[in-house]
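One letter stands for each residue in the lines below.
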Amino acid sequence: MRRELPDIIKEVGFDFSWDERKVWELDAPIEEMPIDKLTWHFDVPFIWSKPDGYYDVSPSEVIEHPDQHPEEYERTMRADTTHPIDIMFWKKRWLILDGLHRLMKQAIEGAEVVQVRKIPKSAIPLIRKS
């Protein structure tokens, strides 16, 4: 059963499904970006808190109340921040393809700059789920 996406996800999210592994395989340069260009993600419920949850927790909730979301917080703190955050310019801002937990961890640790790979829209056919 396919569920209807919440309105906020329709408003800010991608309108295609992608395979993270295909994103990782892309050859894109790594560059630095101020973290505040991406922290808008923290106010959107991108996280599924439990098997029956569906876009029901925002990263801000996890960051501010780790005791209420211990599994997500632990996942965040285990994130390997040696890998850049993969982003694409979408609907007039940078949107994360892969790396939300890495971004969260770096914010918790006080980073002001993060490593990103800017994936062009022309790569969509290469990363789209089959």
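Placed above this text is the structure.
Quick summary incoming for the structure in this document. (Residues numbered from 1 in each chain as written. Predicted model: local features only at pLDDT ≥ 70, side-chain atom pairs only at ≥ 80, totals over all residues. Heavy atoms only, no water.)

A word on the sheet that holds strand β4 (residues 113–118)
Sheet strands pair by backbone hydrogen bonding; their relative direction is either parallel or antiparallel. Spatially, four strands are ordered β1-β4-β2-β3 in an open sheet, and the strand pairing comes out mixed. The open sheet has two edge strands, β1 (30–34) and β3 (93–98), and neither has a second partner. Taking each pair of neighbouring strands and ignoring which way they run, the sheet shows an average axis angle of 50°. (Pairing = 2+ DSSP bridges. Helix = DSSP H or I, 4+ residues; strand = E, 2+ residues; numbered from the N terminus. Axes fitted to C-alpha atoms, helices over the stretch in contact; angles between N-to-C directions.)

Side note on the environment of M88
Relative to the assigned elements, M88 resides in strand β2 (residues 85–90). It is 14 Å that separates the C-alpha atoms of M88 and K22, two residues lying 66 residues apart in sequence. Apart from residues lying up to four places away in sequence, M88 is in contact with F14, F16, R93, W94, L95, L97, I119, P120, K121, I124 and I127. (Contact = heavy atoms within 4.5 Å.)

As for the pattern of salt bridges
The full count for this structure, using the stated rule, is four salt bridges. Taking the shortest distance from any N to any O, the salt bridge between D7 and K10 comes out at 4.0 Å. Pair noted here: D7 and K10 are both in helix α1 (residues 7–12), with a separation of three residues, about one helical turn. Residue D7 is classed as exposed on the basis of its relative accessible area of 60%. For K10, a relative accessible area of 38% corresponds to the partly exposed category. Of the charged contacts, one joins R102 and D98 as a salt bridge, the two residues approaching to 3.1 Å between their closest N and O atoms. This pair shows no difference in class: R102 is buried, exactly as D98 is. (Salt bridge = Lys/Arg side-chain N within 4 Å of Asp/Glu carboxyl O. Buried < 20%, exposed > 50% of the residue type's maximum accessible area, 1.4 Å probe, protein only.)

Comments concerning the side chain of H101
Its location among the elements puts H101 in helix α5 (residues 100–108). A residue is classified by how much of its surface remains accessible, and H101, at 13% relative accessible area, is buried. Contact partners of H101, with chain neighbours within four places excluded, come to E72, R75, T76 and A79.

Concerning α5
In terms of burial, α5 is largely enclosed, as seven of its nine residues are buried. Buried residues of α5: L100, H101, R102, L103, M104, K105 and Q106, and no others. The inward-facing, buried residues of α5 abut α3 (59–64), α4 (70–78), β2, β3 and β4. Backbone geometry just after α5 places G110 at a positive phi near 85°.

Considerations on the packing of aromatic side chains
Any aromatic ring pair is given by two values, namely how distant the centres are and how the planes are angled relative to each other. Scanning the model with the defined rule gives seven aromatic pairs in all. Taking 5.2 Å as the distance between ring centres and 55° as the angle between the ring planes, the aromatic pair formed by F14 and F16 counts as tilted. Here F14 and F16 have matching classes, each one buried. A connected cluster of aromatic rings, assembled from ring pairs, spans F14, F16, W18 and W90. Note that R93 overlies the ring of W40, its terminal NZ or CZ placed 3.8 Å from the centroid. (Phe/Tyr/Trp six-rings, centres within 6.5 Å; stacked < 30°, edge-to-face > 60°. Lys NZ or Arg CZ within 6 Å of the ring centre and 35° of its normal.)

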